[in-house]
4 protein chains.
Amino acid sequence: MSEEPAPRRRQARGERRIAQLLQAAASVFCRTGYAAASTNAIAREAKVSPGTLYQYFPNKEAIAVELGDRLLQEMRDAEGLAFERADLDLPLPELVDAVLEPVIAFNCRNPAFLALMHGSGDVPGRIAEEHEAVHESMLARVDGLIEALAPGLDAGERRRVAAMALGIVKAGLDLVLAAPEGQERDGTVAELKRALVRYLDPLLAPRELGAPRR
Amino acid sequence: MSEEPAPRRRQARGERRIAQLLQAAASVFCRTGYAAASTNAIAREAKVSPGTLYQYFPNKEAIAVELGDRLLQEMRDAEGLAFERADLDLPLPELVDAVLEPVIAFNCRNPAFLALMHGSGDVPGRIAEEHEAVHESMLARVDGLIEALAPGLDAGERRRVAAMALGIVKAGLDLVLAAPEGQERDGTVAELKRALVRYLDPLLAPRELGAPRR
Amino acid sequence: MSEEPAPRRRQARGERRIAQLLQAAASVFCRTGYAAASTNAIAREAKVSPGTLYQYFPNKEAIAVELGDRLLQEMRDAEGLAFERADLDLPLPELVDAVLEPVIAFNCRNPAFLALMHGSGDVPGRIAEEHEAVHESMLARVDGLIEALAPGLDAGERRRVAAMALGIVKAGLDLVLAAPEGQERDGTVAELKRALVRYLDPLLAPRELGAPRR
Amino acid sequence: MSEEPAPRRRQARGERRIAQLLQAAASVFCRTGYAAASTNAIAREAKVSPGTLYQYFPNKEAIAVELGDRLLQEMRDAEGLAFERADLDLPLPELVDAVLEPVIAFNCRNPAFLALMHGSGDVPGRIAEEHEAVHESMLARVDGLIEALAPGLDAGERRRVAAMALGIVKAGLDLVLAAPEGQERDGTVAELKRALVRYLDPLLAPRELGAPRR
DNA sequence: GATGAATGAGGATTCATTCAT
DNA sequence: TATGAATGAATCCTCATTCAT
């Protein structure tokens, strides 16, 4: 524990720097989008010099990629939590609730995530790939969930349903983030959940007849 | 009839140029987004010189605004058609079908429309306003439709529902445009309609079979 | 007189065009200076198309050169008139009056002349040469006049005096042109004459003792 | 004394850069005038990249304005010196000498000053205002001097005389700057002084020899 | 000849990136 | 490592000039 304190501290310092820079980048990307965000603006927001920024990232794209990676990881954790919580025997509204809650919370905490996911057009190659990867990963999760809920669906259809469900969630998250915090936002969250429930409900294999879900 | 042939022909040429430039702009915006699209790239795509572009548009923003205006007009026409077709007495699936069909067709013909609507963060003032206005106008239409379908909803709730429905449509359109034309796309279109029907159905005033709804 | 009417008329038309263009150029140069004057602006001012302008002048510089030439010729005529009128036996005030009057009148009619003469820095080569030539020619005239008035001066000194006198006249003309027409301008004209008289008076060989020159 | 050496050195470097850029600008403006001077040319003359130029000046106009301001300040100092030296009891030739000497010296050191003052037509707004202000301020000084020398003149006449005197000085300075340094220039300087003395002498209140003028 | 659309080199300006301190 | 000045390629836009009609 007391071995090599310098390197560790150095590393720790580096990590702090990187976190600080990524936070600044998130903030600037949210405000202006990726294309219009200048590295100088990010450095300024992080209160470091442009040179320092380039000590930790080889270029602007790498910032976005790393930010995406980290957000994705956090998102996965949130999702993981979500899917852990997701007892498949729960009635659908509760299931949706359990899955969506951490996802919504995460996106409210990290609006940059959605910001980075949108505007898929105006980004250079590697980021677009990143998007693709993130999207694909989320899609796979949803796909898995749907497979569990509706085992009868064939793969092609399931994928379409998953994509649509994910689309609804993204659209709903946009609305949630746009709504002012408070009643308005809560109402929007409820609306999103309702939409998702209604969309998925007819897919469910009838589970227990006579027990109306809601 | 034989009077002033030159001006007329000239005007026609000008219109053709403008159309050609806007088409090129649409294409470039789709590929790279507004912020990253360079006027030189647009001119190149239109196979004219930068100077020619600036003979018809005072600056880059004006191109996007004009393109947005034209697309919006076409979109409104499509919507108009859509809402004309929309017989409120139709069963919901048919109603959704009637409303969505022209909108989908329009967006397939003009993918730039969705491209311009996305990425609202990284655009300068006037275009953002455009976005806002276009979005608001579409929202108002949907709101009106929902008011007709579900007269019981209070205004606040209706607006939320309209926003959610519009969100679903946009998300669905993204999927539709991303799908390769053919079966895949048709299936996605069907999925979008299904999602919308399921979302809206519970809002409808319960209707007696065979009896006119309202 | 009735021979080759077409060519002549054509030539006449050409001359009119050229005059019209030069007038427009004079006006634009006065307003914005040579460097900032665009050929399109000149063509617009002349109510012709840019193409027409280039039918008569190979480039922008040629316009300024031709304008300078013509103004110079007119100026020479005015000067000629001036120097013809200049009876060397006249008392100095009357002499200055006789010489300056047509020059002032010319410059009031053609403010572009002074405009072209100034700003000797911001013009490309040929025009600068033009300036030089015009200036030199005017200088020579003044030099001649001074030689007649003050035969005792050696060439070097005479040239300096001529340059200074010309400078005073130019400076005075600027003031005259800047003054609103009317009393103000008349007063400024008088002041210019006074300045010139006072400058030259001591150089004169005493002509008739006892006849005080005012 | 050893505190904050970096900021100080940095500031010093910045100041040096600005001076270097302004010097380059002065040189280019002298050669080509404001309108035809390109920022790239200025940067090249200063042996820096265009980007560096824009680190210190927001745009081309700002360069001219700052240069004008600095020259003006120096000019005012020179003038101040001039007017301090100006003992009104001195005979006119000595008075003119005292006033003109620093002004001439300044303009010989800073030929850009006159270059910027000329060509007032082809410059955009703020610089033209600068010109106006500078001119007005010089005029006011001369006006004051003349008021002291010739208290009898009414304000309108005095202003005309001041403008004419200033015009003579400017014209003379042009000649001085155009003359090769050495005898030629000295002679031209002398001629300018002579011209000014002759112009102003008749305005002076007749003074009794040996008696203080005023 | 006249027209005005088209051209494209060039100018002002920005910003991702590098480097001396 | 941190700094921020320096770099220069790339962008938006203009305008002298050409050319198809």
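Please read all numbers here as calculations on a predicted model, not as lab measurements.

1. Details of the overall build of chain A
In step 1: If you tally the helices and strands in chain A, you get 9 helices and 0 strands.
In step 2: Walking chain A from its N terminus toward its C terminus, one meets helices and strands in the order α-α-α-α-α-α-α-α-α.
In step 3: Within chain A, the fraction of its 214 residues that count as buried is 47%.
In step 4: Nonlocal contacts in chain A, meaning residues at least 24 apart in sequence, comprise 65% of its contacts between residues at least 6 apart.
In step 5: When the accessible surface of chain A is totalled, it reaches about 10900 Å², and 51% of it is carbon and sulfur.

2. Some remarks on the protein's contact with DNA strand E
In step 1: Around DNA strand E sit 34 residues, and of these T39(A), R17(B), Y56(B), R17(C) and Y54(D) come closest.
In step 2: Within 4 Å of the protein, atoms of DNA strand E come from sugar and phosphate in 64% of cases.
In step 3: A distance of 2.6 Å separates a phosphate oxygen of DNA strand E from a polar side-chain atom of R17(C).
In step 4: Breaking the surface near DNA strand E down by element, the ones donating at least two residues are α2 (39–45) and α3 (50–56) of chain A, α1 (5–36) and α3 (50–56) of chain B, α1 (5–36) and α3 (50–56) of chain C together with α2 (39–45) and α3 (50–56) of chain D.
In step 5: By residue number, the principal contributor to the surface near DNA strand E is α3(C), which donates 5 residues.
In step 6: Per-class residue counts for the surface near DNA strand E are 9 nonpolar, 18 polar and 7 charged.

3. So, the interface of chain C and chain D
In step 1: On the side of chain D, 26 residues touch chain C, which itself brings 26 residues to the contact.
In step 2: For the chain C and chain D pair, buried surface summed over both sides reaches about 2200 Å², with 67% attributable to carbon and sulfur atoms.
In step 3: A per-residue breakdown of the area chain C buries against chain D is headed by R160(C), M164(C) and R198(C), which together make up 28% of the total.
In step 4: Linking chain C with chain D are 4 residue pairs in polar contact (both at pLDDT 80 or more), by the criterion used here.
In step 5: Broken down by secondary-structure element, the contributors of at least two residues to the side of chain C that touches chain D are α1, α8 (155–178) and α9 (183–200) of chain C.
In step 6: Per-element tally for the side of chain C that touches chain D: the top contributor is α8(C), with 9 residues.

4. Remarks on the relation of the copies chain B and chain A
In step 1: Expressed as a screw transformation, the operator carrying chain B onto chain A has a rotation angle of 178° and an axial translation of 0.1 Å, and the superposed copies differ by an RMSD of 0.5 Å. What the rotation and shift describe, once combined, is the action of a two-fold rotation axis.
In step 2: Residue by residue, 100% of the interface of chain B is reproduced at the interface of chain A, so both copies engage with the same surface.

5. Concerning the domain arrangement of chain A
Residue and element names in this part refer to chain A.
In step 1: Each domain of chain A was delimited in the assignment, giving domain 1 (1–57) and domain 2 (60–203).
In step 2: Taking only C-alpha atoms into account, the centre of domain 1 sits 27 Å from that of domain 2.
In step 3: Taken together, the contacts link 15 residues of domain 1 with 16 residues of domain 2.
In step 4: Of the roughly 1300 Å² buried between domain 1 and domain 2 on both sides combined, carbon and sulfur atoms contribute 78%.
In step 5: Counting the surface domain 1 buries against domain 2, the share from its top three residues, L22, F29 and Y34, is 47%.

6. A word on the pattern of salt bridges
Residues and elements named next belong to chain A.
In step 1: Overall, the coordinates contain 36 salt bridges over all chains when judged by the stated rule.
In step 2: A salt bridge links R158 to E147; the nearest nitrogen and oxygen atoms lie 3.7 Å apart. Highlighted residues: R158 in helix α8 (residues 155–178) and E147 in helix α7 (residues 125–149), separated in sequence by 11 residues.
In step 3: Residue class for R158 comes out buried when judged on its relative accessible area of 12%.
In step 4: One salt-bridge network, held together by shared partners, links E15, E66 and R70.

Parameters and conventions
- Residues numbered from 1 in each chain as written.
- Chains lettered and ligands numbered in written order.
- Predicted model: local features only at pLDDT ≥ 70, side-chain atom pairs only at ≥ 80, totals over all residues.
- Heavy atoms only, no water.
- Helix = DSSP H or I, 4+ residues; strand = E, 2+ residues; numbered from the N terminus.
- Buried < 20%, exposed > 50% of the residue type's maximum accessible area, 1.4 Å probe, protein only.
- Contact = heavy atoms within 4.5 Å.
- Areas by Shrake-Rupley, 256 points an atom, 1.4 Å probe, with all protein chains shown as cover.
- Near = heavy atom within 4 Å.
- Polar contact = N/O pair within 3.5 Å; in protein donor to acceptor, adjacent residues only side chain to side chain.
- Nonpolar A, V, L, I, M, F, W, Y, C, P; charged D, E, K, R; others polar.
- Buried area = accessible area lost by both parts, 1.4 Å probe.
- Least-squares fit on C-alpha atoms with pLDDT ≥ 70 in both.
- Domains from an automatic or database assignment.
- Salt bridge = Lys/Arg side-chain N within 4 Å of Asp/Glu carboxyl O.

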